[in-house]
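Commentary on secondary and tertiary structure
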Amino acid sequence: MTQAEIKLCSLLLQEHFGEIVEKIGTYLIRTGTQPLRMIVNDTGLSLDQVKKALCVLIQHNLVTYQLQKRGFVEYEAQCKRVLRILRYPRYIYTAKTLYNDTGELIVEELLLNGKMTMSAVVRKVADRLTETMEDGKTMDYADVSSTFVRLADTHFVQRCPLVPEAAETPEVPPPPAPTLVINEKDMYAVPKLNLVGKGKRRRSCDEDENHEHKAKKHKKDGEDAEPPPDDGIYWQVNIDRFHQHFRDQGIVSAVANRMDQTSSEIVRTMLRMSEVTTSSSAPYTQPLSSNEIFRSLPAGYNIVKQVLDQYLTLLADDPLEFVGKSGDSGGGMYTVNLHKALASLATATLESIVEERFGSRCARIFRLLLRKKHLEQKQVEDFAMIPAKEAKDMLYKMLSENFVSLQEIPKTPDHAPSRTFYLYTVNILSSARMLLHRCYKSVANLIERRQYETKENKRLLEKSQRVEAILASMQATGAEDVQLQEIEEMITAPERQQLENLKRNVNKIDASENQVDETIFVLESFIESTLKKP
Amino acid sequence: MAGRGGRGRGRGQMTFNVEAVGIAKGDALPPPTLQPSPLFPPLESRPAPLPGGEELEYMLALKQELRGAMKNLPYFVKPGAPRRDIERYSDKYQVSSPIDSAIDWSPDWRRLPRELRIRVRRLRPGPPHAPPAAALLPKCKQRLALDKEEAIKKLESLEKKEEEVTSEEEEKEEEEEGKEEEEEEYDEEEHEEETDYIMSYFDNGEDFGADSDDNMDEAVY
């Protein structure tokens, strides 16, 4: 793990889980697999705190444990999974676009709690939805259940590995840690539950006082009642499926930008048909015949078969090679070249970064090098039609920032410098890695800056929160406008201005973090697609 | 030896032919850098403005909500308040730190390694609001509904937390009667309760060697 990744992980853990969890998580990421005793020794925290933190991390799938042969348990942190915390809003928003508010809340609850049983999720989501509905209406469990089943069918949520059914042999002591197993077939099987009920609306009295009572009462009820029928079957969000969805979205919008709406719809149809047949790391989808595509086009599109064939031919002939033709049977067999598409997306991102950072002439040189692969200094000047001095300057600038590299080709075995070719080239993979590293650093910087801004204005923020609380309570008890005015004036105009500035800055920084995360996704997908899977 | 003489001669001799990369003879090279690059280098071009749009604004709101929500979840482990050097009388009436050894949510212990199980040692309940009968809890709640004094409220909540933790622990312990370990612990705790000493001060040596010697937060007088 690079330093930048570790720093970013520790910032994310600290923001979302607190300092204790952050310390332990960072320690595990930095030093690898460790047993409990080592963690306690090296971090200097108390045993109970370490245990608590590990429970939290395991619950959220950020740390896994393994029973070693010698009988002790070792814990390992999943650095990549911690970095996904940055992408939670995008997952939740995607669920909203696909499955409306119910889906959004289901995914949100699962992300906030790590793993949950289906009955618990359904209950919580129904309660939350009931809160937002008008008085008198409640949300039925059946609706929430059906949305959950749909999410499971399309693989957006999956089952967690299960505790194996232990044979009841009292002589053999149970192992110190269960070895969790999951059967491929069962991963999306929804248990048959008979969830009947409606969401409960929380009474709107003093929340602070009664909240604890209610929580206690519910818990007592839960303890007294029998364990739910799906006890032990936990569900988690299937992050890879969401990534597949984002990738498909990226490809479709790229096609739409490059060609037109209809071609993007055709590609979208092809990708949809291949969702279940193609694994997420395959280089291209399974071949689809033109007849099948014609049948599966969405109902609104009434284009003739010939037009579809023309579109497919155009897509296959496009130099970007998103779609490839793999045969002629069935009216033409077509596939979507996933790896090539990801490479194109990553390349486009690189080009855009070079353009924004160095200017359009540098971008021209960059694109030239991408196209021609290796060029000498003189050739660059000629092809790009840029005067020698400026071309030299730009090339060195890009070289110093590692976007471009030099390749030596000796003419003689003694590598004499006067008799060697020096060619400029762009290595996409290494540039992508370099940029990804930079992205991690950027997000870490953004988070730090946001925390700094918030800390600087802490006093003011607390004051404004207090004033709002007073205002709210006074409005609830029906105060006059004059009194409300007086309270509002407790915050002076310059302070209000300062608060406005703070809010604007924090929003800007948050939005930037989301943006950088999109770039991170594109680059990571590309790099992952180039790694050879065993 | 032969190379030493040639090193200083000629401005900036390089190992390769500099003309090949385009540095013509007599060109001014940039001065050598004698320090690390500046921390905030000046930006040559202003970055493009952030894209707006409904989608991105919604995600922004989601992100901020998520951050706020996670701070209130039981998964957010707050460090215990630092112990003050002198125990003050008012400490009893302040909202104390979350009990380090308590865990606010109950994970499925079957899925976790056994060593992570947290056993709570009973803290001696505070003086006037004594014990523990679970039957008292509903009465306490009713009283609270009427009584709005903050101090009592906080004290009750604190006690409830202790109750909840210990009663939870008791229930769990009662469930697992098969395990000898648990039974022994339970018995020990029963015995422990009859003394006047605060049990958290006492290190019964059980964990010797297994755990690290963590600093006992309470000073032993």
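Cut-offs used in this document
- Within each chain, residues carry numbers counting from 1 in the order of the written sequence.
- Starting at A for chains and at 1 for ligands, labels are handed out in the order in which the entities are written.
- With pLDDT at 70 or above as the cut-off, local features in this predicted model cover only qualifying residues; side-chain atom pairs require 80 or more to be listed or tallied, and sums for whole chains, interfaces and linings still use all residues.
- Note: side-chain values were computed over all heavy atoms of the structure, leaving out hydrogens and water.
- UniProt positions are given in the numbering used here, feature names are shortened, and annotations may be inferred rather than shown by experiment.
- Axes here mean lines fitted to C-alpha atoms, for a helix over just the part in contact, with angles spanning 0 to 180 degrees between N-to-C directions.
- Helix and strand assignments come from DSSP, with helices taken as H or I runs of at least 4 residues and strands as E runs of at least 2, each series counted from the N terminus.
- Our angle categories are set so that under 35 degrees counts as roughly parallel, over 145 as roughly antiparallel, 65 to 115 as roughly perpendicular, and the remainder as oblique.
- Helix crossings are classified by the rotation of the near helix relative to the far one: an anticlockwise turn of less than a right angle makes the crossing left-handed, while a clockwise turn makes it right-handed.
- For this classification, Asp, Glu, Lys and Arg are treated as charged, while Ala, Val, Leu, Ile, Met, Phe, Trp, Tyr, Cys and Pro are nonpolar and the rest, including Gly, are polar.
- Paired strands, as defined in this entry, are two strands with at least two bridges between them according to DSSP.
- The contact criterion used is simple: two residues touch if any of their non-hydrogen atoms lie within 4.5 Å.
- Buried residues are those whose accessible area, probed at 1.4 Å on protein chains only, stays under 20% of the maximum for their type, while exposed residues exceed 50% and partly exposed ones sit between those limits.
- Between N or O atoms, a polar contact is any pair within 3.5 Å; within protein, one atom must be a potential hydrogen donor and the other a potential acceptor, and residues adjacent in sequence are included only when both atoms are from side chains.
- What counts as a salt bridge is simple: a side-chain nitrogen of Lys or Arg found within 4 Å of a carboxyl oxygen of Asp or Glu.
- Multiply 1.5 Å by the residue count of a helix minus one, and that product is the helix's expected span.
- Directions from the helix axis toward the C-beta atoms define the arc.

Labelled according to an unreviewed UniProt entry, chain A appears under the name DNA-directed RNA polymerase III subunit RPC3, originating from Dromaius novaehollandiae. Its UniProt record, at the heading Subcellular location (unreviewed entry), says of chain A: "Nucleus". In its Sequence similarities (unreviewed entry) section, UniProt records this for chain A: "Belongs to the eukaryotic RPC3/POLR3C RNA polymerase subunit family."

Concerning the packing of helix α18 (residues 428-456) of chain A against helix α21 (residues 493-530) of chain A
All names here are of chain A. Their axes nearest at 9 Å, the elements α18 and α21 cross at an angle of 160 degrees. As summarised for this structure, α18 and α21 are arranged roughly antiparallel, according to the angle between their axes. Of the two elements, α18 crosses α21, and the hand of that crossing is left-handed. Split into classes, the residues belonging to the contact of α18 with α21 amount to 18 nonpolar, five polar and seven charged.

Structural notes on the sheet that holds strand β2 (residues 63-67) of chain A
Residues and elements named next belong to chain A. Spatially, the three strands line up as an open sheet ordered β1-β3-β2, and their pairing is antiparallel. The two strands at the open ends of the sheet, each matched to only one other strand, are β1 (34-35) and β2. Two strands pair when backbone bridges link them, and β2 and strand β3 (residues 73-77) are joined in this way by five bridges, in the antiparallel orientation. Paired with T64 across the bridge in β3 is E76. Helix α4 (residues 47-59) rests against β2 and β3 of the sheet, and its axis sits at about 105 degrees to β2.

Points about the side chain of A:N457
Residue and element names in this part refer to chain A. One can find N457 in the loop between α18 and α19 (458-476). Note on N457: relative accessible area 13%, which makes it buried. Engagement of the side chain of N457 in a polar contact is seen with the backbone oxygen of E453, the distance being 3.1 Å. Not counting residues up to four positions away in its chain, the partners in contact with N457 are Q498 and L502.

Considerations on the pattern of salt bridges
All names here are of chain A. Applying the stated criterion across every chain, the model contains 29 salt bridges over all chains. As a salt-bridge pair, R247 and D248 come within 3.4 Å of each other at their nearest N and O atoms. We note that R247, like D248, is buried. As a salt-bridge pair, D382 and K378 come within 3.8 Å of each other at their nearest N and O atoms.

Details of helix α13 (residues 305-317) of chain A
For the α-helix, the turn length of 3.6 residues means that residues three or four positions removed from each other point alike. Residues and elements named next belong to chain A. The end-to-end C-alpha separation of α13 is 18 Å, in line with the 18 Å expected for 13 residues at 1.5 Å each. By the burial criterion, the buried members of α13 are L308, Y311, L312 and L315. End-on view of α13: buried residues confined to an arc of 100 degrees, all on one side of the axis. For α13, exposure combined with an orientation more than 90 degrees from the buried face picks out Q306, Q310 and D317. In the core, the buried residues of α13 are packed alongside α10 (239-258), α11 (261-273), α12 (290-296), β8 (323-327) and β9 (333-336).

Points about the UniProt feature "domain: RNA polymerase III subunit RPC82-related helix-turn-helix" (unreviewed entry) in chain A
The sites that UniProt annotates as "domain: RNA polymerase III subunit RPC82-related helix-turn-helix" (unreviewed entry) are residues 7-65 of chain A. Between the end C-alpha atoms of residues 7-65 of chain A the distance is 23 Å, and the span holds 76% helix and 8% strand.

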